Amino acid sequence: MPFLEGPFAFTGKLDMLSAYRMRGVDKIVVRRKGGPSREKIKTGASFANTRRTMSEFGGCSRHGSYVRMAMLQIRHLSDYNFGSDINSVMRQVQLRDGTGEWGRRRITLSEHTRLLEGFSTVRKAPSFDSIVRAPVYYTMDRANRSALIDIPELLRDINYFPQNNHAMVRLTVTLGIVPDITFDVPSKEYLPPDWYSKLYHSTAISTDWNPSLEGIKSTTLALAMDLLPPDDRWTLMLSIGIEYGSLRENGKIKEVPRFGAAKIMALQGKDKTSDEGNGGNGTEEHKIKITNDVIPKNIVQDPDVSPQGYRDPEVRYVYTAKEAPTKWPVASVYCYAVPAPSQNYNTQNAVSLSTTHIDLPVATYIPCDALQPYVSSFIISEEAEIKEYKVLPSTNLVIGFQYRGRLVRVENADVHSLSTAGITGLHETPRVFRNVAHTGTVLVYFKEAGAAPFFNMPLHELFDESVSLDNFMLRSELLVLEQQLAEARTDQERITLTERFLLTRMRNTAPDKLVLTALAFIHQCQGNLRMTDLAAQLNISQSPLEKRFRQAVGTSPKKFAALVRFQHILKTHR
């Protein structure tokens, strides 16, 4: 396949050449127009071998689609179109048919299951085995079309390495039936057995969602298929995938697209052709042959090899807490000269929100020097009586710690309890909150693009959401901070405790100059600008600008500009 490279790369048509991009190929594919007509290929005697080859390739493609249907629920966990690679494996299965004639050779996966075991759905992204570095043991029963999977306990940075920043994670297992296909002479194409239908595609089961910061709890998953094929021309296929999720309001979790990985764990075909083992990653129940034969007395048995079943290794992990740091890290302060007003608007916005839009007794504090590049202000709010108040849309992410009492969010007629330690992303609609009597809260208002160094995740996943902080931090650390805040005697002590907590969470990362400049331009125009004009001002295309902006600020430039316009109108009519 020829590729087009160099400074004159293009896509489209140029004289007799056609250049285009293909999914799964990084380079530009180029081909020349012309060649024989379709009718000539179908009927010409000189293209007889071509027709045989095309017939067999068509069969491989169809059989590959049945393989993908057997892992339907996790086939999206890939970073490229792996269908062509599945077809290549099916081609190798087809070439092993020594009885059929060229152009009509059978594709009997049930006789060559080992060729597909361990197939990975990712090419560039981390594979399943590089993320889950612990053996996943399984038992398959072809007669009952069932499987039992033992998921070990996965601990982050010990045997679980997610290599991304998403909040939640789970494992999904699929079990499906893949039929063998043969060439049907009357229809002149490859077809599966008559009994095959979508009911044989796959069934799936998943673990519960777990915080990715901690790992996945050990569990056992069992799944089975109800239908039994009437003959033995089929293969039982077991696959597993890892999925990531982002938190949404009211405890809902949404799957993150285009992230994760999957692989085909094992297959069972005719006469249990895959029973020779599974590479140390599983146990096959049908491999154990039970017999009642009498063992001759003159044969000495080794007691060490008597069947004992699988036993978990006796391993004990001892965790020790790090010593408290004697010196807090000092943050680097970056200053940029951009053609825009001073960035003091962040602090002003935060203070005005706290005093005007939140109708509660509050006290505002300026952060320490190390946190000033990131935090706009600290606010301590205390209310002795039950009160309901409204928070208008703003451009600041906010963290809240309830050291006394509780808060709930009121939405229409529903009341949703909030965590004692939570974070609220940017939102474009007003929100109504209600506190119980004698509620005390420490609020942290981040500057625009200031929260990124404290959260190892894309901030746009928090847009229009209020979620618990224990999805991003250890719950034990949050409990210690909440206890210290409750025992503190003065507001200044609470501010000092909150600052220390944030300093321990802060990563030494440089701010994105491009995003800071984009923020300045948006404020300079008071939100009245087109995104194409903004991208042109920054000499960057719109797509990468939006991606970097969302990750650092928490929403797209267009939605952020709308929030700035709203703030400007609110300030004008105040």
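Above this text sits the structure in question.
The structure displayed is predicted, hence computed values, not measured ones.

1. Topic: the overall build of the protein chain
Piece 1. Each helix and strand counted, the protein chain has 11 helices and 27 strands in total.
Piece 2. For the protein chain, the proportion of contacts with a sequence separation of at least 24, taken over those separated by at least 6, is 75%.
Piece 3. Accessible surface, the protein chain as shown: approximately 31,100 Å² in total, 51% of it carbon and sulfur.

2. A word on the pattern of salt bridges
Any two side chains of opposite charge can pair, so long as their charged atoms come close to each other.
Piece 1. Within this structure, the stated rule accounts for 18 salt bridges.
Piece 2. A salt bridge links arginine 105 to glutamate 56; the shortest N-O distance between them is 2.8 Å. Note that arginine 105 is positioned in the loop between helix H3 (83-95) and helix H4 (128-131) and glutamate 56 in helix H2 (residues 48-69), a separation of 49 residues in sequence. The pair arginine 105 / glutamate 56 is uniform in exposure class, with both members buried.
Piece 3. Notably, a salt bridge pairs arginine 123 with aspartate 85, separated by 3.1 Å at the nearest N-O pair. Taken together, the positions of arginine 123 in the loop between H3 and H4 and aspartate 85 in helix H3 put the pair 38 residues apart, joining distant regions of the chain.
Piece 4. Residue arginine 123 is classed as partly exposed on the basis of its relative accessible area, which comes to 47%.
Piece 5. Aspartate 85 sits in the partly exposed class, given a relative accessible area of 24%.
Piece 6. A single salt-bridge network, built from bridges that share partners, covers Glu56, Arg91 and Arg105.

3. Quick notes on H2
Since the α-helix turns once every 3.6 residues, residues separated by three or four places project in the same direction.
Piece 1. Along its 22 residues, H2 runs 32 Å from first to last C-alpha, staying within 8% of the 32 Å computed at 1.5 Å per residue.
Piece 2. Among all positions of H2, only Glu56, Gly59, Cys60, His63, Gly64, Tyr66, Val67 and Met69 are buried.
Piece 3. In the core, the buried residues of H2 are packed alongside H3, strand S8 (168-179), strand S10 (189-191), strand S11 (202-206), strand S15 (234-247) and strand S17 (261-268).

4. So, the sheet that holds strand S23 (residues 414-417)
Piece 1. Strand order across the open sheet formed by 4 strands is S20-S25-S22-S23, with antiparallel pairing between neighbours. One side of each edge strand has no neighbouring strand; the edge strands of this open sheet are strand S20 (387-391) and S23. Taken pair by pair, the neighbouring strands of this sheet meet at an average axis angle of 30 degrees, ignoring direction.

5. Quick word on the sheet that holds strand S6 (residues 146-151)
Piece 1. As summarised here, the arrangement of the 3 strands in space is S5-S6-S14, forming an open sheet in which the pairing is antiparallel. On the outer flanks of this sheet lie strand S5 (137-141) and strand S14 (219-224), each paired with one strand and no other. With direction set aside, neighbouring strand axes in the sheet form an average angle of 10 degrees.
Piece 2. In terms of strand pairing, S6 meets S14 through 6 bridges, oriented antiparallel. Directly across from isoleucine 149, in S14, lies its bridge partner leucine 221.

6. A closer look at the environment of valine 408
Piece 1. Within the fold, valine 408 resides in strand S22 (residues 407-411).
Piece 2. C-alpha separation for the pair valine 408 and valine 432, spaced 24 residues apart in sequence, amounts to 8.8 Å.
Piece 3. Sequence-distant contacts of valine 408, defined by excluding residues within four places in its chain, comprise Val415, His416, Ser417, Leu418, Val432, Phe433 and Arg434.

7. Some words on the packing of helix H8 (residues 513-524) against helix H10 (residues 542-553)
Two measures define how a pair of helices packs: the angle their axes make with one another and the distance between the axes.
Piece 1. Axis separation between H8 and H10 bottoms out at 10 Å; the angle between their running directions is 90 degrees. With respect to H10, the element H8 is oriented roughly perpendicular. Contacts from Leu514, Val515, Ala518, Leu519 and Ile522 in H8 reach Leu545, Arg548, Phe549, Ala552 and Val553 in H10.
Piece 2. For the contact of H8 with H10, a count of residues per class yields 9 nonpolar, no polar and 1 charged.

8. With respect to H10
Piece 1. Under the 1.5 Å per step criterion, the end-to-end length of H10 is 16 Å for 12 residues, consistent within 8% with the ideal 16 Å.
Piece 2. Among all positions of H10, only Leu545, Phe549, Ala552 and Val553 are buried. Down the axis of H10, the smallest arc covering the buried residues is 80 degrees, so these residues share one side.
Piece 3. Of the surrounding elements, those touching the buried residues of H10 are H8, helix H9 (531-537) and helix H11 (557-572).
Piece 4. Phi turns positive, to about 115 degrees, at glycine 554, one or two residues after H10.

9. Observations concerning the packing of aromatic side chains
Piece 1. Overall, the coordinates contain 12 aromatic pairs when judged by the stated rule.
Piece 2. Ring centres of tyrosine 374 and phenylalanine 454 lie 5.8 Å apart, and the angle between their planes is 85 degrees; this geometry places the pair in the edge-to-face category. Here the residue tyrosine 374 occupies a position in the loop between strand S18 (362-365) and strand S19 (375-383), and phenylalanine 454 occupies one in the loop between strand S26 (439-446) and strand S27 (466-468), the gap between them amounting to 80 residues. No difference in accessibility class separates tyrosine 374 from phenylalanine 454, as the two residues are buried.
Piece 3. Arranged with centres 5.4 Å apart and planes meeting at 50 degrees, the rings of phenylalanine 446 and phenylalanine 454 form a pair that is tilted.
Piece 4. Overall, the relative accessible area of 0% leaves phenylalanine 446 in the buried class.
Piece 5. You can call phenylalanine 454 buried: its relative accessible area is 2%.
Piece 6. By the ring-pair criterion, three or more aromatic residues cluster together here, those being Tyr66, Trp195, Tyr196 and Tyr200.
Piece 7. When the ring centre of tyrosine 80 is taken as reference, the NZ or CZ atom of arginine 123 above it lies at 4.1 Å.
Piece 8. Across the ring face of tyrosine 403, the terminal group of arginine 494 is positioned such that the distance to the ring centre comes to 4.2 Å.

10. Observations concerning the pairing of strand S3 (residues 17-21)
Piece 1. Two elements, strand S2 (residues 12-14) and S3, share 3 bridges in a ladder whose sense is antiparallel. Directly across from lysine 13, in S3, lies its bridge partner serine 18.
Piece 2. Joining the antiparallel neighbours S2 and S3 is a turn of 2 residues, in which aspartate 15 adopts a positive phi near 55 degrees.
Piece 3. Pairing of S3 with strand S4 (residues 28-32) involves 5 bridges; the strand directions are antiparallel. By the bridge assignment for S4, serine 18 is matched with arginine 31.

11. Re the side chain of arginine 145
Piece 1. Mapped onto the elements of the fold, arginine 145 is located in the loop between S5 and S6.
Piece 2. Aspartate 226 is the oppositely charged side chain nearest to the buried, salt-bridge-free arginine 145, at an N-O distance of 6.4 Å.
Piece 3. Polar side-chain contacts of arginine 145 include one of 3.0 Å to the backbone oxygen of leucine 227.
Piece 4. Aside from chain neighbours lying at most four places away, what touches arginine 145 is Leu175, Ile177, Leu223, Ala224, Met225, Asp226, Leu227, Leu228, Trp234 and Leu236.

Definitions and limits used
The numbers attached to residues start from 1 for each chain and follow its sequence in the written order. Local features in this predicted model are restricted to residues whose pLDDT is 70 or higher, and side-chain atom pairs enter the listing and the counts only when it is 80 or higher, whereas totals over whole chains, interfaces and linings include all residues. Each side-chain value is worked out from all heavy atoms of the structure, with water and hydrogens disregarded. Starting at the N terminus, helices and strands are each numbered in turn, a helix being any DSSP run of H or I of at least four residues and a strand any DSSP run of E of at least two. Contacts are residue-level and defined by heavy atoms, with any inter-residue pair within 4.5 Å sufficient. The Shrake-Rupley method, run with a 1.4 Å probe sphere, supplies the accessible areas, and residue values consider only the shown protein chains as cover. A pairing counts as a salt bridge when a side-chain nitrogen of Lys or Arg comes within 4 Å of a carboxyl oxygen of Asp or Glu. We call a residue buried when its accessible area falls under 20% of the maximum for its residue type, exposed when it is over 50%, and partly exposed in between, using a 1.4 Å probe and counting protein chains only. A helix's residues, less one, multiplied by 1.5 Å, set its expected span. Any two strands between which DSSP finds at least two bridges are classified as paired. Simply put, an axis is a line fit to the C-alpha atoms, just over the touching stretch for a helix, and the angle between two N-to-C directions goes from 0 to 180 degrees. An angle below 35 degrees is treated as roughly parallel, one above 145 as roughly antiparallel, one from 65 to 115 as roughly perpendicular, and anything else as oblique. Side-chain classes follow a simple rule in which Ala, Val, Leu, Ile, Met, Phe, Trp, Tyr, Cys and Pro form the nonpolar group, Asp, Glu, Lys and Arg form the charged group, and the remainder, Gly included, forms the polar group. The arc in question is the one traced by the directions running from the helix axis out to the C-beta atoms. Stacked, tilted and edge-to-face are the three classes assigned to paired rings of Phe, Tyr and Trp, where Trp is represented by its six-membered ring and a pair needs centres within 6.5 Å; plane angles under 30 degrees give stacked, over 60 edge-to-face, the rest tilted. For a lysine, the NZ atom is tested; for an arginine, the CZ atom; a charge sits over a ring if that atom is within 6 Å of the ring centre and within 35 degrees of the ring normal. When charges are counted, Lys and Arg are positive and Asp and Glu negative, with His and the chain ends excluded. A 3.5 Å cut-off defines polar contacts: any pair of N or O atoms within that distance qualifies, except that in protein one atom must be a possible hydrogen donor and the other a possible acceptor, and neighbouring residues in sequence count only when both atoms are side-chain atoms.

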